[in-house]
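Residue-level listing of the chains:
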6 protein chains.
Amino acid sequence: MSMYGPATTFLGIEHVDLDDDAQLADLDVVIIGAPFDGGTSFRPGCRFGPLAIRGSDCQVYDASRPHLSLRVDPLKDLRVADGGDIEMPPGDIELSLARVRAAVARVANLGVLPVILGGDHSIAYPDIAGVADAKGDIAVVHFDAHADTADTHFGQLYGHGTPMRRLIESGACRGDHFFQVGLRGYWPGPETLAWMAQRGMRSYEMTEVRSRGLEAVLDEVCLTSTKDCETVFLSVDIDVVDPAIAPGTGTPEPGGWASWELLSAVRKVCLSVEVSGLDVVEVSPPYDHANVTAHLANRVVLEALSSICHRRKGIASEPRWAPERPLLDER
Amino acid sequence: MSMYGPATTFLGIEHVDLDDDAQLADLDVVIIGAPFDGGTSFRPGCRFGPLAIRGSDCQVYDASRPHLSLRVDPLKDLRVADGGDIEMPPGDIELSLARVRAAVARVANLGVLPVILGGDHSIAYPDIAGVADAKGDIAVVHFDAHADTADTHFGQLYGHGTPMRRLIESGACRGDHFFQVGLRGYWPGPETLAWMAQRGMRSYEMTEVRSRGLEAVLDEVCLTSTKDCETVFLSVDIDVVDPAIAPGTGTPEPGGWASWELLSAVRKVCLSVEVSGLDVVEVSPPYDHANVTAHLANRVVLEALSSICHRRKGIASEPRWAPERPLLDER
Amino acid sequence: MSMYGPATTFLGIEHVDLDDDAQLADLDVVIIGAPFDGGTSFRPGCRFGPLAIRGSDCQVYDASRPHLSLRVDPLKDLRVADGGDIEMPPGDIELSLARVRAAVARVANLGVLPVILGGDHSIAYPDIAGVADAKGDIAVVHFDAHADTADTHFGQLYGHGTPMRRLIESGACRGDHFFQVGLRGYWPGPETLAWMAQRGMRSYEMTEVRSRGLEAVLDEVCLTSTKDCETVFLSVDIDVVDPAIAPGTGTPEPGGWASWELLSAVRKVCLSVEVSGLDVVEVSPPYDHANVTAHLANRVVLEALSSICHRRKGIASEPRWAPERPLLDER
Amino acid sequence: MSMYGPATTFLGIEHVDLDDDAQLADLDVVIIGAPFDGGTSFRPGCRFGPLAIRGSDCQVYDASRPHLSLRVDPLKDLRVADGGDIEMPPGDIELSLARVRAAVARVANLGVLPVILGGDHSIAYPDIAGVADAKGDIAVVHFDAHADTADTHFGQLYGHGTPMRRLIESGACRGDHFFQVGLRGYWPGPETLAWMAQRGMRSYEMTEVRSRGLEAVLDEVCLTSTKDCETVFLSVDIDVVDPAIAPGTGTPEPGGWASWELLSAVRKVCLSVEVSGLDVVEVSPPYDHANVTAHLANRVVLEALSSICHRRKGIASEPRWAPERPLLDER
Amino acid sequence: MSMYGPATTFLGIEHVDLDDDAQLADLDVVIIGAPFDGGTSFRPGCRFGPLAIRGSDCQVYDASRPHLSLRVDPLKDLRVADGGDIEMPPGDIELSLARVRAAVARVANLGVLPVILGGDHSIAYPDIAGVADAKGDIAVVHFDAHADTADTHFGQLYGHGTPMRRLIESGACRGDHFFQVGLRGYWPGPETLAWMAQRGMRSYEMTEVRSRGLEAVLDEVCLTSTKDCETVFLSVDIDVVDPAIAPGTGTPEPGGWASWELLSAVRKVCLSVEVSGLDVVEVSPPYDHANVTAHLANRVVLEALSSICHRRKGIASEPRWAPERPLLDER
Amino acid sequence: MSMYGPATTFLGIEHVDLDDDAQLADLDVVIIGAPFDGGTSFRPGCRFGPLAIRGSDCQVYDASRPHLSLRVDPLKDLRVADGGDIEMPPGDIELSLARVRAAVARVANLGVLPVILGGDHSIAYPDIAGVADAKGDIAVVHFDAHADTADTHFGQLYGHGTPMRRLIESGACRGDHFFQVGLRGYWPGPETLAWMAQRGMRSYEMTEVRSRGLEAVLDEVCLTSTKDCETVFLSVDIDVVDPAIAPGTGTPEPGGWASWELLSAVRKVCLSVEVSGLDVVEVSPPYDHANVTAHLANRVVLEALSSICHRRKGIASEPRWAPERPLLDER
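Here the structure is a predicted model, which means the values were calculated and not measured.

On to the overall build of chain A, then. On a plain count of helices and strands, chain A comes out with eleven helices and eight strands. In summary, chain A has a C-alpha radius of gyration of 18 Å against a globular reference of 20 Å for 331 residues, a match within 12%. With the C-alpha coordinates aligned to their principal axes, the bounding extent of chain A is approximately 55 × 45 × 40 Å. Sorting the 331 residues of chain A into buried and exposed places 72% on the buried side. Long-range pairs, those at least 24 residues apart, make up 75% of the contacts in chain A with a sequence separation of at least 6. Only carbon and sulfur atoms are counted for the fraction: they give 46% of the accessible area of chain A, which is about 9,200 Å². Taken together, the 29 basic and 48 acidic charged side chains of chain A have centroids lying 4 Å from each other.

This is how it looks when you write it as structure tokens:
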């Protein structure tokens, strides 16, 4: 069930066989491991991301996590199971990615929300394409330090620097349905930026984000991303967070988000728009310390699921709910 | 004197015998080590908290620390000594906690401010109760990611998830005198929250804190906590800070404070209200890196003592003192 | 099933319910986790020993491990299952130890070999006593840097420095049935040594071991331990190994064994005498590096089970088997 | 070329011989390593700072780094080369510092901007003095947790606690041309503060910085520092950043900047004033984790060079440039 | 030149262009980096092996290393250069391995000894085949914990578990020319062992090695490996060493060699037989501590080159040379 | 009392003022810290050696350590005190070394055995010379991976590569009274070796040591070192041990001793010859893991003191004492 290490499900939820439609059909959400780092351009290790994200918590593994603020228990109030890992040979990226696309498309076709735990970001090509295979036109909200729109990577089409290019070039997604937040640093160069502009992508570099405020930027993203598309795929590269806050990653870039900014951004998106797929990628345990990065990624998943659950329940429209409301007030 | 490791006093201050009333009576403040992790529900190691907090500084251990901004030297301007560690066998929590309560009550009865270095948070039951034994009704300001109000813990009454429940249930403190700031994450569940509400506790979850601002929240806490009570016990669980900033702790929860937020919150409380006891808990050196967590806890103690000293001296009411005042201006 | 962390069985073997006699009765061996560090006198962390020992391997978790040299697959050729962890509250050592004794005695009474993964060495009192409860007079072969025969420990009867004293004083085992190998360093002092001598214990300090050779010493141990007793309990404290080779432990003492010496010693004992119980204790993951200590402990369990299996199959008496025989020779 | 470890240039740029005026004369910027930690008062290790800062990046070492926001490639648009390390015997601080002063003065005299990678902050005395030797009156903008104005250090004139005192006392810089931002903690004491005030230094302690805002403070610094002086030396002690964000340093002080605050502050200064010299000091790799501190220091250098390049090109005055401008808008 | 990280040559020797026959033809030895971990079955990271092995030394990088005992300077007395890294995309193992084979064959055809720094052991297939392409029938002496003779690996033909199978099945080497020393643990199973026996491989498991002695085993290997073959390829998987001694590796197996046993074994082989190729593989820096594993691998290269140099110079046959000869005796 | 970090004595023994002859005169042994790393050629950090060696033990700090095998308590049976650290500014090596020589000479003149905790090996020049100042002709037994006989070091006379040269050239010791054991690796070159031979030094390289056996070599050393000299200074550079066993050091060289070999060698020398001084150097905590190196150094001190005590008591000549004697036999 786990490609590397002992069989482990996300916080103790039930295992489900990804090949069994009957089992899947009863679910709201399925967790899928994509333990692959054959697409990394520098530090590997994110093959161990799924294992670490599933098992980095310091509470009892009882398949229950009541969200203190949103007042839902995403593992109880949603029907969630863990489909285990897809076998992805590190030296064969094409085969590995194809398996992801097939699995995600099957899940999405059954109306189940796929949550993919990476692995490196090369899996975004098949996992987003897999959802698009099932759902048609979708928008992509992409939290990342890097645009991931290179033409090639070590001379190869596939790798963690190229997935967004492949998605757009393959027609799986339209460039103007891409909303990237958190870019910074020294990559890519002018040619790639020109290609991105020409495809109509909307990329929020950190100078713009800090200047306008993350909240304002996300309001704009939520509004514009759902103009043309009914649903959104949220792709979270953990390196959008500052390397000091999330050191366990492969291609860090200083100057990123705090952990609370990421959690808050995930909540905002998942409360505001209809999310049809989620991935959390680039968690590399060998470079982590005391599991802080994997634990944060675990919380990204829980925050997303809690918010999705909250949205589905319609709590946000209840008169008593408000972010600033005291925790212990009657609800 | 130290239960684990070489005899070490807080930054080189004098040692004092906790059993000698005559020595104690001359003091303003006494540091007490509570090297206990028998109450932890996950990662242990905070038995080494007292040693690490005392010895994590990178300056000379000369029992002097002039605070740059507040312009007091808490180790010189207050009469401070270190009472060493209380012997707390890890496998006998009841005995261990009883020893803390007795020691703290004796100190507080002599009019000395006890500063307890944990150890896990199970020590909050006896150390707060110990002050209450001496002082009567006190308010508790509690910085923490967790409410610590579980009914039981591995089926036991005592442990680091239950101290606030024991305090309230035992009558040592009233529920409506509890002010918790920093809660977040996925614990506790509805039943415990209902108990907390019923007891009148006031718990500021991080959504409220980020929405209203930490400063506004603390203003409210300082105001309301001193309505009924003359003094406040400040209990600082280092896990109120984000795990990436304070990784050396036992039950981390992403999305917490920055280090400067904690230091600033401690300063605000200690400048604003009369503090009759302080503990700093859950520092677990085996999970720390380069001592950053223990060093921060050390600064929490110094910031608290500096602020208390500043308050006692009445500097804040001097016309020339203001936070925004340049460091080198004449005073 | 696991007290701390995700549910994990030893290398992927089946889980068995320790309370279900019917399930147990079909087994040859049951693995039991004793995740307790409430008895440690210095560095804690071995509560995570069971989890780490079960999951530290870098191969597929397929419940199969064919031993290259002994030519048995202990996880296939023996009926082995994993009974999960016994719940052991860290702050209540008496309750925790009592649960171990009850569980081990039940298992042993059913004719199943218990393999207990510690946890600190305080569990040796109940796990050896539990086997003795079922089997009567047993010998104890004890690999350790420390004699573990203190009278008390932080003033308490129970703790990781006292289990062998409690075993002998309680009458569960006779002192002259104890064979300790690997002692060294600076503990205990003359009084305790006198008590040990008076009880007829046989303790091989490292000076004797290095002077006579480990192999010769073990030959003597195997011979004498089975003079009066039909079976032997093998208790392996990982700190018998040098701290540089097994850093993940709580009370290291330089000058110990190499990893290959421990594996070879375990093989010798388990091939030579009838083993009725095994524990592997004092693995403390927070002090480990790259899992080397937990991995070694995992191999101690496999080496023991492989040797026991080999012994039961009678391979050693086959004409073709010999340690110096080439691996690929026909068998 | 490298004093410690393999020959390495900053991100793959060309090596230049610091003794060859002809080679130097063609450059805009030269990187100089000052691998010295003989002046540290606590944790050493910053002798490896230059090597780590040059080689901590996770991209290809191709001497190109196009800045995403400022739209310049500092390693291409400026003529930058790496002069390697100055040999600085750790036990002879006077000789070591003299070599730095001579080298920096030669470079500055040729009109080349020196960027010195420390090494401990004792090098600020010779590197700032070296620029002053060439340029005359300069202002110093100094980002640091510490004032570095001690009279002596272990009884010695030179060391990382004294450089600013030596600069002012030697007449190389005037006290009222010093602008320190980021001070905090418990050093120095009143006597040294009095000396600083008497010399007219302007020191922004963190209470003032947080109270007024970093941006407002920097606006004031940029304005006042260039009243009397045409150019500014920017000295960046990495410990101005919080120890949790930049753990790899020698004398950490909790409560510092976030990484993005440092990068933004460096950008502001280098865009706003004429910078004639830069040092980045106190990066101590043995205390770092996953290279986060060295990587941040690398980005400080790139941010400074990108901003200097931007300023020289006059982009900031172009109508289309603004921080809040979308990344992919036409320029 | 370096695929990952700054351009670095082995201990400061000259760089040579692997595509330039003229440059190569003048050499005795060329170092080649194979920075590939796309073939690993568990922990990745050995893509950084070449960089770490080249740069892990704590002496000056002056391209000189006089061997204290053998009295040669392998970097001076042999003509050695560093050909840099072969570009090996981690996700395309077939392309990556093909590039290694081509490069090694070219080098070997020019009469230059190739020394390949891995990378994972999948590179042994192309690097040994590359030498065989040039030299014809060669023997392989293979130090490893694992036989590396699996049929497939995650369903793939190529990977670090299969190279020896591919070599033999492809006809590049004959099975009875393989001499494996150091095998142990729980892999492979009976089927693979039967295949190995059938092909006539000679595999020395550690039980045999410890029972007969490493020296005796190596004497036998040196004698028999050169019966049919004029030259030997020496393939050193660092995991032949115990994981506690060489923790920085991907698939550790407890019970291995000490560092001095590996160095001594390398010396023995390289002094005794004609070596036509060498690889040192599976060094994974993310799992290393203080560079001990990379440093050992660096010493394996130096020990091999020193011994080869010593053999070529014929020193061993000089009357005055003997291992037990005092260092400072006249020679 | 401690130059860096909290005041700490060796395992809790009394502090003594090194300037007070009256206090010193009553002692058998005095521990002296030499916290200096200004002489290191690569990794610094050994300034923290004294603190780490004093405080790395995992037992109670009660100034008692009964040696299990030798049956003495060196901290009780000898009069031992800790003189604290000598203040040694890292940037002024000449001043620092002069202070060591003065202090050691005073101690030795009073008939007290000095035990110096380094610090880098540059301190061997003053500490051995200091004993020679008091005692006249002494032999030096020197356990080290390196000869430390360079002419200069970064162009300087003093540093950790030159102390033995300075000792001999200054006339403090004669070259033919030097006995070096453990040398290996790639330093120094022929010129320095020629100088060593010319001075009559006896250096046992590891090839000779492994070939003849450490015990035989040490027998020879003990015999020949005391032919001309009444007493021996034992200088233990921790890097004589293999870097994997003692990673916390500055200039590691693979292929060294095991921990038990060092402890056994120290015991042999101290039981066999009259030791008049001891230093233990080059312990660098920043590169250590779980304190294994510092703990080993701590045991080197205890093993030496225990053996010296044993020798002084004449136990070795008692009929009942023998290494192979069972621990619990009557004595």
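Take the relation of the copies chain C and chain F next. Once turned by 120° and shifted 0.0 Å along the axis, chain C lies on chain F with an RMSD of 0.0 Å. The operation mapping one copy onto its partner corresponds to a three-fold rotation axis. A distinct binding surface is used by each copy, with only 8% of the interface residues of chain C retained as interface residues in chain F.

At an RMSD of 0.0 Å, chain A and chain D line up after a rotation of 120° and a shift of 0.0 Å along the axis. In this assembly the copies use different faces: only 8% of the residues contributing to the interface of chain A also contribute to that of chain D.

Residues and elements named next belong to chain B. Read across the open sheet, the eight strands follow the order β2-β1-β3-β8-β7-β4-β5-β6; overall the sheet is parallel. Strands at the two margins of the open sheet, each flanked by one partner only, are β2 (80–85) and β6 (202–205). Taken pair by pair, the neighbouring strands of this sheet meet at an average axis angle of 15°, ignoring direction. Bridge count between strand β4 (residues 139–143) and strand β7 (residues 232–237): five bridges; the pairing is parallel. The residue bridging Phe143 from the neighbouring strand is Val236, located in β7. Packed onto the sheet, helix α4 (residues 93–109) meets β1 (29–34) and β3 (113–118) and runs at close to 175° relative to β1. Across the sheet, helix α5 (residues 124–135) lies against β3, β4, β7 and β8 (275–281), angled at about 165° from β7, the strand it touches most.

Further remarks concern the sheet that holds strand β2 (residues 80–85) of chain F. Residue and element names in this part refer to chain F. Overall, parallel pairing links the eight strands, which are arranged β2-β1-β3-β8-β7-β4-β5-β6 in an open sheet. The two strands at the open ends of the sheet, each matched to only one other strand, are β2 and β6 (202–205). For this sheet, the mean inter-axis angle between neighbouring strands, taken without regard to orientation, is 15°.

Attention shifts here to the interface of chain C and chain F. Across the contact, 38 residues belong to chain C and 31 residues belong to chain F. Buried area between chain C and chain F, summed over both chains or domains, comes out near 2,800 Å², and the portion from carbon and sulfur atoms is 67%. Three residues stand out in chain C for area buried against chain F, namely Tyr186, Thr207 and Pro254 of chain C, and they jointly supply 27% of the buried area on that side. Across the chain C-chain F interface, the total number found is one salt bridge. Note that Glu253 of chain C is salt-bridged to Arg299 of chain F, the shortest N-O span being 2.8 Å. Counting every contact that joins chain C to chain F gives nine residue pairs in polar contact (both at pLDDT 80 or more). Elements with a contribution of two residues or more to the side of chain C that touches chain F: α7 (190–198), β6 (202–205) and α8 (206–212) of chain C. With five residues, α8 of chain C is the largest single contributor of residues to the side of chain C that touches chain F. Of the residues that constitute the side of chain C that touches chain F, the class distribution is 18 nonpolar, ten polar and ten charged.

Residues and elements named next belong to chain C. Under the definition given, this model contains 156 salt bridges over all chains. A salt bridge links Glu274 to Arg311, with the shortest nitrogen-to-oxygen separation between them at 3.3 Å. Residue Glu274 is located in the loop between α10 (259–272) and β8 (275–281), and its partner Arg311 is located in helix α11 (residues 292–313); the two are separated by 37 residues in the primary sequence. Residue class for Glu274 comes out partly exposed when judged on its relative accessible area of 33%. With relative accessibility at 31%, the residue Arg311 sits in the partly exposed group.

Another point: the confidence of the model for chain A. With 99% of its residues at a pLDDT of 70 or more, chain A has an overall mean of 96. Scored as a whole, the predicted complex attains pTM 0.98, and scored at its interfaces, ipTM 0.97.

What follows concerns the interface of chain A and chain D. Each partner contributes residues to the interface: chain A has 38 residues there, and chain D has 31 residues. Counting the surface lost from both chain A and chain D, the interface buries some 2,800 Å², and carbon and sulfur atoms represent 67% of this. Across the chain A-chain D interface, the total number found is one salt bridge. Inspection of the chain A/chain D interface yields nine residue pairs in polar contact (both at pLDDT 80 or more). At the level of elements, α7 (190–198), β6 (202–205) and α8 (206–212) of chain A are the ones that each hand at least two residues to the side of chain A that touches chain D. Top element by residues in the side of chain A that touches chain D is α8 of chain A. It accounts for five residues.

Tallied over the full model, the rule gives 36 aromatic pairs over all chains. For the pair Tyr4 of chain A and Phe48 of chain A, a centre-to-centre distance of 5.4 Å together with 85° between the ring planes defines the contact as edge-to-face. Of this pair, Tyr4 of chain A sits in the segment before α1 (21–25) while Phe48 of chain A is found in the loop between β1 (29–34) and α2 (49–55), placing the two residues 44 residues apart along the sequence. Of the two residues, Tyr4 of chain A and Phe48 of chain A, neither departs from the other in class, the shared state being buried. Taken together through their ring pairs, the aromatic side chains of Tyr4 and Phe48 of chain A together with Phe42 and Phe154 of chain E make up a single cluster. Geometry around Tyr287 of chain B places Arg43 of chain B over its ring, the cationic atom sitting 4.6 Å from the centre.

Residues and elements named next belong to chain B. The tally for this structure, following the rule as stated, stands at zero disulfides over all chains. As a non-bridged cysteine, Cys270 has Cys222 as the owner of its nearest cysteine sulfur, 9.0 Å distant. As a non-bridged cysteine, Cys309 has Cys270 as the owner of its nearest cysteine sulfur, 12 Å distant. Given a relative accessible area of 2%, Cys309 falls into the buried group.

What follows concerns helix α10 (residues 259–272) of chain E. Residues and elements named next belong to chain E. Given a rise of 1.5 Å per residue, 14 residues ought to cover 20 Å, and the 20 Å separating the end C-alpha atoms of α10 matches this to within 8%. For α10, the tally of buried residues reaches ten of 14 residues, placing the bulk of the element in the interior. Turning to α10, its buried residues number three or more, namely Ser259, Trp260, Glu261, Leu262, Leu263, Ala265, Val266, Arg267, Val269 and Cys270.

What counts, and at which threshold
- Residue indices begin from 1 for each chain and proceed along its sequence in written order.
- Naming scheme: in the order in which they are written, chains are lettered from A and ligands are numbered from 1.
- Per-residue local features of the predicted model are confined to residues with pLDDT of at least 70, and side-chain atom pairs are confined, for both listing and counting, to 80 or more; whole-chain, interface and lining totals are unaffected and use all residues.
- Working from all heavy atoms in the structure, the side-chain values ignore hydrogens and water.
- Under the scheme used here, helices are H or I runs from DSSP no shorter than 4 residues and strands are E runs no shorter than 2 residues, and both carry numbers assigned from the N terminus.
- It is over C-alpha atoms that the radius of gyration is taken, and the globule rule equals 2.2 Å times the number of residues to the power 0.38.
- Only protein chains enter the accessibility calculation, which uses a 1.4 Å probe; a residue is then buried when its area is under 20% of its type maximum, exposed when over 50%, and partly exposed in between.
- Residue contacts follow a heavy-atom distance rule, with two residues in contact if any of their heavy atoms lie within 4.5 Å.
- Methods summary: accessible areas were calculated by the Shrake-Rupley approach with a probe of 1.4 Å, and residue burial reflects only the protein chains presented.
- Charge assignment in this entry is limited to Lys and Arg as positive and Asp and Glu as negative, and neither His nor the chain termini are counted.
- The atoms used to mark charge sites are NZ of Lys, CZ of Arg, CG of Asp and CD of Glu.
- Only residues with pLDDT of at least 70 in both copies count here: their C-alpha atoms drive the least-squares fit that superposes the copies.
- Two strands are counted as paired when DSSP detects at least two bridges linking them.
- Axis definition: a line fitted to C-alpha atoms, over the contacting stretch in the case of helices. Angles run 0 to 180 degrees between N-to-C directions.
- Computed with a 1.4 Å rolling probe, the buried area is the accessible surface lost when two parts are put together, summed over both parts.
- Salt bridge, as applied in this entry: a Lys or Arg side-chain nitrogen positioned within 4 Å of an Asp or Glu carboxyl oxygen.
- Think of a polar contact as two N or O atoms within 3.5 Å of one another; within protein, one of them needs to be a possible hydrogen donor and the other a possible acceptor, and neighboring residues in sequence only count if both atoms come from side chains.
- Three residue categories are used. Nonpolar comprises Ala, Val, Leu, Ile, Met, Phe, Trp, Tyr, Cys and Pro, charged comprises Asp, Glu, Lys and Arg, and polar comprises the others, including Gly.
- pLDDT is a residue-level measure of predictor confidence that goes from 0 to 100.
- Working definition: a ring pair exists when centres of Phe, Tyr or Trp rings (six-membered ring for Trp) sit within 6.5 Å. Plane angles under 30 degrees give stacked, over 60 give edge-to-face, the rest tilted.
- Look at NZ for Lys and CZ for Arg. If either is within 6 Å of the ring centre and within 35 degrees of the ring normal, a charge sits over the ring.
- We call a pair of cysteine sulfur atoms a disulfide whenever their separation is within 2.5 Å.
- Take the residue count of a helix, subtract one, and multiply by 1.5 Å to get its expected span.

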